[in-house]
Amino acid sequence: MSWSYRVARIADIDIKVHITFGIILLLGGLDWGSRYGTSGAVFGVVLMTALFACVVLHELGHSLVAKHYGIPVREIVLLPIGGVAMLGRLPEKPRQELLIAAAGPAVNVVLAGILLLITGAIGGLTALDGHGLIGGSAPAPSLHTFLVWLLAANVTLVVFNLIPAFPLDGGRMLRALLAMGTDYAKATRIAAVIGQAFALVLGIIGVLGGHFILALIAVFIFLGAGMESFQAQAKTVLMTLQVGHAYNKHALSLIPADRVSKVVDYILTSYQPDFAVVLGDRLLGIVTRDDVLRALATHPEDPYITEIMQRQVTRVDATASLEEVQRVMMESGERVVAVYAGESFLGLVSREDLNEALSVLMFVKRQQQLGAQNA
Ligand code: ZN
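Residues numbered from 1 in each chain as written. Predicted model: local features only at pLDDT ≥ 70, side-chain atom pairs only at ≥ 80, totals over all residues. Heavy atoms only, no water.

**Student:** What's the story with the nonpolar core in this structure? I'm lost.
**Tutor:** One broad trend across soluble globular proteins is that nonpolar side chains are buried collectively. In terms of nonpolar packing, the biggest core is built from 33 residues, with F52, F146, W149 and L150 touching the most fellow members. Examining the composition of this core, we find that 14 residues originate from one element, helix α1 (residues 21-68), more than from any other. Counting residues in each nonpolar core, the second largest holds 19 residues, with V237, V316, V337 and A357 among its members. (Core = buried A, V, L, I, M, F, W, Y, C linked by side-chain atoms within 4.5 Å. Buried < 20%, exposed > 50% of the residue type's maximum accessible area, 1.4 Å probe, protein only. Helix = DSSP H or I, 4+ residues; strand = E, 2+ residues; numbered from the N terminus.)

**Student:** Would you mind going over the coordination of the zinc ion with me for this structure?
**Tutor:** Each pair of donors in an ideal four-coordinate tetrahedral metal site encloses 109.5 degrees, whereas pairs in an ideal six-coordinate octahedral site enclose 90 or 180 degrees. Distances from the zinc ion to its protein donors, H58 (NE2), H62 (NE2), D169 (OD) and D169 (OD), fall at 2.0 to 2.6 Å. One can describe the donor arrangement at the zinc ion as irregular, given that its four donor atoms subtend angles of 54 to 149° at the metal. Counting the intervening residues between successive donors of the zinc ion yields the motif H-x3-H-x106-D. Remark: H62 and H58 occur in helix α1; sequence separation between them is four residues, near one turn of the helix. Judged by its relative accessible area of 4%, H58 is buried. (Donors = N, O, S within 2.8 Å, 3.2 Å for Na, K, Ca; no water. Tetrahedral: all angles 85-135°; square planar, octahedral: opposite > 155°, others 65-115°.)

**Student:** Could you clarify how one ought to interpret the side chain of D258 in this entry?
**Tutor:** Mapped onto the fold, D258 is located in the loop between β5 (253-254) and α7 (260-270). Since its relative accessible area comes to 8%, D258 is described here as buried. For D258, the contacting residues outside a window of four places in its chain are Y304 and I305. (Contact = heavy atoms within 4.5 Å.)

**Student:** Explanation requested: the pattern of salt bridges in the structure shown.
**Tutor:** Side chains that differ in charge, positive against negative, can pair when their charged atoms come close. Counted according to the given criterion, the structure contains 12 salt bridges. Across the pair K16 and E75 runs a salt bridge, and its minimum N-O distance is 2.9 Å. Note that K16 is positioned in strand β2 (residues 13-18) and E75 in strand β3 (residues 73-79), a separation of 59 residues in sequence. Residue E75 is classed as buried on the basis of its relative accessible area of 5%. Here R335 ties to E352 by a salt bridge, and the two come within 3.1 Å at their closest N and O atoms. In this pair, R335 sits in the loop between α9 (322-332) and β9 (336-341) while E352 sits in helix α10 (residues 351-374), placing the two residues 17 residues apart along the sequence. A relative accessible area of 29% places R335 in the partly exposed class. Since its relative accessible area comes to 39%, E352 is described here as partly exposed. A single network of salt bridges, built from pairs that share partners, joins R6, R9, D12 and D14. (Salt bridge = Lys/Arg side-chain N within 4 Å of Asp/Glu carboxyl O.)

**Student:** I'm lost on unusual backbone geometry in this one. Help?
**Tutor:** The general pattern is negative phi for most residues beyond glycine and trans for most peptide bonds. A positive phi angle, close to 65°, is found at Y271, a residue other than glycine. Tracing the backbone through its elements, the reader meets Y271 in the loop between α7 and β6 (274-279). A positive phi angle is found at D302, which is not glycine, with a value near 55°.

**Student:** Which parts of the structure should I look at to understand α1?
**Tutor:** Three or four residues apart is the spacing at which side chains of an α-helix point the same way, because the helix has 3.6 residues per turn. The end-to-end C-alpha separation of α1 is 29 Å, well short of the 70 Å expected for 48 residues at 1.5 Å each. For α1, the principal kink sits at Y36 and spans about 155°. Positive backbone phi, approximately 80°, marks G70, located one or two places after α1. (Expected span 1.5 Å × (residues − 1). Bend = angle between axes of the 7 residues up to and from the residue.)

What follows is the structure in structure tokens.
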């Protein structure tokens, strides 16, 4: 993800902060600063930083359990809406998904327990009457306010994440539990419907009660549930086809002696966006439409394509499923990969090709389901 900056590395996982995360620090500083001046502003910033430390620990909970099951974790990215742990692939067994999903909220339960012990010890139980919550009559900055606020935040994180709706942890736990009794795609569909029902109820409560934030969260959950259902179906569909059968065998390719003007001709007449530069059955590099546009802007003298081509191209084997290819693209961040049979280059496959294959396969599957229902 671009616009993210690495701030730490824990257990071989990069902890990155998205640039928009600064908004949260700013809001915290402004909120507390408006009431308690400069020291309040500092307090607000420290408070938000501590909140996001709790979010990082939550994501580390997911990540460490995932790594325990051999699933690579590339990075944890902090966004203003929370954290995301980038798992290299989905867990295979429902039990694994259940434990990975549960590990995040479990961390916040532990944190809340520790904070409860500390605040109970230094402030008595009166401290827990909810005054630490965001907004309202928040008490003046102090170590005690800090700890009580964090306690309330961790409780909120647990409750919110356990809502049984995608993309929240509760939705994943529900899917995993369902998947123990039925197949993955069906479990996802059922979990998605339950999640959307939940979102509708939340939305109605939000609108009727005038809770704007709650209504927004409901919309976010409703869309997330539909997306997850689609992704689960896509995953099963993409697993059925090998990339060796899906790449374009009739794609136009280039040789090192070609110039940029030739690619421009090809682009205008064929609508093909990516071109392999080959010598026999050897791939030398690729040239994309973006490379050509950039070359036209910066090289007025019609250079050889070898001057503008990308030489580093990620390889996939022809026997890999489209689902594996999609995963390679996600992990490497590449839009185009090269398909090989052993050492010989066959052709290129792009993210758009995968999307197109997906829409065709989904259509075919739908027709088959309709056929089965009519039969
Ligand atoms: Zn989580």
